Amino acid sequence: MDELLASRFPSALPTTGAWTPADPPGDRSFFNIADGKYPFALEGGGRLKEIRVAYETWGTLNEGAGNAVLVCHAFTGDSHATGEITSAYPAGGWWNNVVGPGKAIDTNRYFVVCSNVLGGCQGTTGPADAPPEPETMFSTPDSSRQADAGYKAYPYGSRFPVVTIRDMVRVQALLANHLGIRCWLSVAGGSMGGMQALEWAVMYPKRVRSILPLATCTASSPTQIAWNAVGRLAVAGDPHWHNGDYYDKPSGPWWGLAVARELAQVTYRSSAMFDHRFGRDSFDLDNFYNLWGRFEIESYLDHHGQKLVRRFDANTYMTISKAIDLHDIGRNRGGVATALSRIKVPVLTAAISSDILYPPYQQQEIYDGVVNGGGDCRFVMIDSDEGHDAFLLETGQMYKPISAFLDEIHETV
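Residues numbered from 1 in each chain as written. Predicted model: local features only at pLDDT ≥ 70, side-chain atom pairs only at ≥ 80, totals over all residues. Heavy atoms only, no water.

A. Structural detail: the overall build of the protein. When its secondary structure is counted, the protein shows 12 helices and 10 strands. Relative to a compact globule of 413 residues, whose C-alpha radius of gyration would be 22 Å, the protein shows 21 Å and is just as compact. Dimensions of the protein, computed from C-alpha atoms along their principal axes, come out at roughly 60 × 55 × 40 Å. Considering only contacts within the protein whose residues lie at least 6 apart along the sequence, 74% involve residues at least 24 apart. For the protein, the accessible surface area stands at approximately 17200 Å², while carbon and sulfur atoms represent 52% of it. Between the mean site of the 34 positive side-chain charges and the mean site of the 45 negative ones, the protein shows a separation of 7 Å. (Helix = DSSP H or I, 4+ residues; strand = E, 2+ residues; numbered from the N terminus. Rg over C-alpha atoms; globule rule 2.2 N^0.38 Å. Contact = heavy atoms within 4.5 Å. Areas by Shrake-Rupley, 256 points an atom, 1.4 Å probe, with all protein chains shown as cover. Lys, Arg positive; Asp, Glu negative; His and termini not counted. Charge placed at Lys NZ, Arg CZ, Asp CG, Glu CD.)

Structure representation (structure tokens):
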């Protein structure tokens, strides 16, 4: 193991990459939606006594608050949808080419909001945060653990409850209340962000005028669940995992988190992209016949594993991947078709031709379900070899349909 670590990761990585209040806030704003008196009840039955939401905004909210667009981030995203790398942001804006002045989601016209999801690790309450008080941490139906004074300043860790996409959306709705936004012009997002957009239209049909669920699905498939399950096993198998209570340890489960990310990264791109970019080129030419000698593709995956560890948290990876697995807009609503038939606002969905993680048939299902239910849905196919990540990368193909769709909705306000 030591030889393997030394060959792929030259130095130890941080125990956690979670943001803390001691770190620079950057452009984040914060809002507390639960103050301990009225706990936030979760879909799965748990409760959180206090929730801090980190969010960022761009543009100006007009009179009547009719130009507000909510942008929802994907699995490992955060509130920094657009912007530069700074001391407050280890990564630049994840949708830099889509959100901004003169871009598809034009901040000269629209007031854009993006918040870190519940369970996240970049400012919104998640497993790396400490409960406000030891006696009011939280409770879950399947846990008999009792808080004590020893946990007062210690992060939730393994005690953080399971959250769902619906819980994330309910938090966003309370944030919208705080911002004075009664109805979003649109809710947009790709991958897990698209799951949130769909839930908005079903949960709060009078609080959205349109949605843009891109490269996403109505319910996570067995294959998608399988990829996430193996990623969680990689984290849990790290000897520094400590069942999720690793924050006071000299080393956290960064190895397991890096492996989980590398596994996921394979699903985010396509075989055509890997063939074109890397082929069978060797990265460690001098160690070609060494067991741990790497090909270029392995070096690429290691790079992405290290990048994530420096800005993310292993417990958050577990929490959010489980929320993605639980995603099913038809749950307790009579099935997917019935849920989609409740969406009566205009929908723009986009598929990516080479997406192996969220293949085009899943966006076709969104289109068919909305249209068959009497709704208005437009379907765009992005022709790209970039795989699932094309919703982040193929901004040239996405500009016209997104901007035209938002223009149309905006004109009706």
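B. Structural view of the nonpolar core. By size, the foremost hydrophobic cluster in this structure holds 78 residues, and its most contacted members are L118, M168, W184, V187, I211 and I343. Broken down by element, the residue count for this core peaks at eight residues, all from helix α2 (residues 165–179). Not counting residues within four places of it along the chain, the set of residues in contact with I343 comprises L198, A201, V202, I211, V370 and G375. V98, C114, L214 and L406 belong to the second largest nonpolar core, which has 31 residues in total. (Core = buried A, V, L, I, M, F, W, Y, C linked by side-chain atoms within 4.5 Å. Buried < 20%, exposed > 50% of the residue type's maximum accessible area, 1.4 Å probe, protein only.)

C. Local environment of the packing of α2 against helix α3 (residues 192–203). Between α2 and α3, whose axes approach to 9 Å, the crossing angle comes to 70 degrees. Relative to α3, α2 is oriented roughly perpendicular. The two elements α2 and α3 meet at a crossing, and its hand is right-handed. Two secondary-structure elements touch here, α2 through I165, R166, M168, V169, R170, Q172 and A173 and α3 through M192, M195, Q196, E199, W200 and M203. A breakdown of the residues in the contact of α2 with α3 according to their chemical character gives eight nonpolar, two polar and three charged. (Axes fitted to C-alpha atoms, helices over the stretch in contact; angles between N-to-C directions. Parallel < 35°, antiparallel > 145°, perpendicular 65-115°, else oblique. Left-handed = near helix turned anticlockwise from the far one by under 90°. Nonpolar A, V, L, I, M, F, W, Y, C, P; charged D, E, K, R; others polar.)

D. The arrangement of the environment of H276 in detail. For H276, the position within the fold is in helix α6 (residues 271–277). Note: C-alpha distance between H276 and I402 (126 residues apart in sequence) is 29 Å.

E. A look at the packing of aromatic side chains. The full count for this structure, using the stated rule, is 14 aromatic pairs. Both rings, one in W241 and one in Y246, keep their centres 6.1 Å apart while their planes meet at 35 degrees; by these two values the pair is tilted. Residue W241 shares its accessibility class with Y246, and that shared class is buried. For the pair F274 and Y300, a centre-to-centre distance of 6.0 Å together with 70 degrees between the ring planes defines the contact as edge-to-face. Residue F274 is located in helix α6, and its partner Y300 is located in helix α7 (residues 296–309); the two are separated by 26 residues in the primary sequence. Judged on exposure class, the residue F274 and its partner Y300 are both buried. (Phe/Tyr/Trp six-rings, centres within 6.5 Å; stacked < 30°, edge-to-face > 60°.)

F. Looking closely at the pairing of strand β2 (residues 47–58). A large share of β2 lies buried, amounting to nine of its 12 residues. Alignment of β2 against strand β6 (residues 111–115), held across four bridges, turns out to be antiparallel. Bridge assignment links T57 to a residue of β6, and that residue is V113. (Pairing = 2+ DSSP bridges.)

G. Local environment of the pattern of salt bridges. Applying the stated criterion across every chain yields a total of 15 salt bridges. Among the ionic pairs, E199 bridges to R166, the shortest N-O distance being 3.1 Å. Pair noted here: E199 is in helix α3 and R166 is in helix α2, with a separation of 33 residues, a long-range link. Take E199 and R166: they sit in the same class, and that class is buried. (Salt bridge = Lys/Arg side-chain N within 4 Å of Asp/Glu carboxyl O.)

H. Spotlight on helix α8 (residues 314–326). The end-to-end C-alpha distance of α8 is 19 Å, a good match for the 18 Å that 13 residues give at a rise of 1.5 Å each. Here α8 lies mainly inside the structure; 11 of its 13 residues are buried. Where α8 is concerned, the buried positions are A314, N315, T316, Y317, M318, T319, I320, S321, A323, I324 and D325. Buried positions along α8 lie against α2, α3, α4 (222–236), α5 (254–268) and α7. Put simply, D313 is the residue that caps the front of α8, since its side-chain oxygen is 3.2 Å from the backbone nitrogen of N315. (Expected span 1.5 Å × (residues − 1). Polar contact = N/O pair within 3.5 Å; in protein donor to acceptor, adjacent residues only side chain to side chain.)

I. The state of the cysteines, seen in detail. All chains considered together, the criterion is met by zero disulfides. Considering cysteine sulfurs only, C114 is the nearest to C72, which forms no disulfide, with 7.2 Å between them. Residue C72 is classed as buried on the basis of its relative accessible area of 1%. (Disulfide = S-S within 2.5 Å.)

J. Representation of the packing of α4 against α5. At a minimum axis distance of 7 Å, the contact between α4 and α5 shows a crossing angle of 160 degrees. One element, α4, and the other, α5, form an angle in the roughly antiparallel class. Remark: the crossing between α4 and α5 carries right-handed chirality. Every residue of α5 that contacts α4 at W227, V230, G231, A234 and V235 is listed here: G256, L257, V259, A260, L263 and T267. For the contact of α4 with α5, a count of residues per class yields eight nonpolar, three polar and no charged.

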